[in-house]
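What follows is each chain in one-letter form.
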Amino acid sequence: MGRLTVGALRGVLAVVLTGTVLVQASMVWALGNDPEEGSLPLTPLRVITILGMVTAQVALVCVWRLVTMVRRGTVFSHAAFRYVDGVIWAIAAAALLWFAVTAINAPGQREDPGVTVIMGGIGLAVLGVALIVLVLRMLLAQAVARDDEAARMRAELDEVI
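In this text, all values refer to a predicted model and were calculated from it rather than measured experimentally. (Residues numbered from 1 in each chain as written. Predicted model: local features only at pLDDT ≥ 70, side-chain atom pairs only at ≥ 80, totals over all residues. Heavy atoms only, no water.)

1. Digging into the confidence of the model for the chain
Item 1. Mean pLDDT for the chain: 91, with 98% of residues reaching 70 or above.
Item 2. Of all secondary-structure elements in the chain, the lowest mean pLDDT belongs to helix H1 (residues 3-33), at 92, while helix H3 (residues 80-105) reaches the highest, 95. (pLDDT = per-residue confidence, 0-100. Helix = DSSP H or I, 4+ residues; strand = E, 2+ residues; numbered from the N terminus.)

The structure is reproduced here in structure tokens:
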């Protein structure tokens with residue numbers, strides 16, 4: 001990855017991380033100061049929003065670390081798995097939180113259940129993203145195994161020579 005690409009990605013990650021912190025702060029403030037009004041229970045939705053921002057932050061930090069590893073040329077190592085696993089778990093947790101939002105919203109959609117079905121479909125799509133990252137993790141595992149095998153073969157060749 002080039003310096004420009006890494007810099008641009010880190011800039012985007014920093015802006016999104018800052019945005020999630022601001023959303024969390026506003027939700028924490030709202031928990032203590034804004035009264036419950038309307039038909040939806042706001043407190044559970046605010047707590048879910050706070051937790052959802054945590055999942056985004058975990059994924060952002062893991063991606064930042066992976067970008068650093070790519071830049072250093074150390075991504076094909078066993079250390080990368082911890083960050084890829086962090087992304088997978090963060091995405092899966094976000095999907096579960098989305099399903100919780102869907103369940104909270106469902107009673108208000110009795111006349112139009114299509115909204116609940118669409119929201120459920122979005123949750124499944126988010127789980128699909130977690131599965132795609134899991135497949136990419138498997139590809140990383142194969143690359144690390146091949147890199148280890150190549151290093152072992154180089155060492156054997158060095159002994160012969």
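2. Some words on the environment of valine 54
Item 1. Structurally, valine 54 can be placed in helix H2 (residues 42-72).
Item 2. For the pair formed by valine 54 and alanine 94, sequence separation is 40 residues and the distance between their alpha carbons is 9.0 Å.

3. Quick look at the nonpolar core
Item 1. Ranked by internal contacts, the top residues of the largest apolar core, which has 15 residues, are Leu66, Met69, Ala80, Val84, Val133 and Leu140.
Item 2. Elements represented by at least two residues in this core include exactly H2, H3 and helix H4 (114-160).
Item 3. Among the elements that take part in this core, H3 stands out by supplying seven residues, more than any other.
Item 4. Apart from residues no more than four positions distant in its own chain, leucine 140 is found in contact with Val75, Phe76, Ala80, Phe81 and Val84. (Core = buried A, V, L, I, M, F, W, Y, C linked by side-chain atoms within 4.5 Å. Buried < 20%, exposed > 50% of the residue type's maximum accessible area, 1.4 Å probe, protein only. Contact = heavy atoms within 4.5 Å.)

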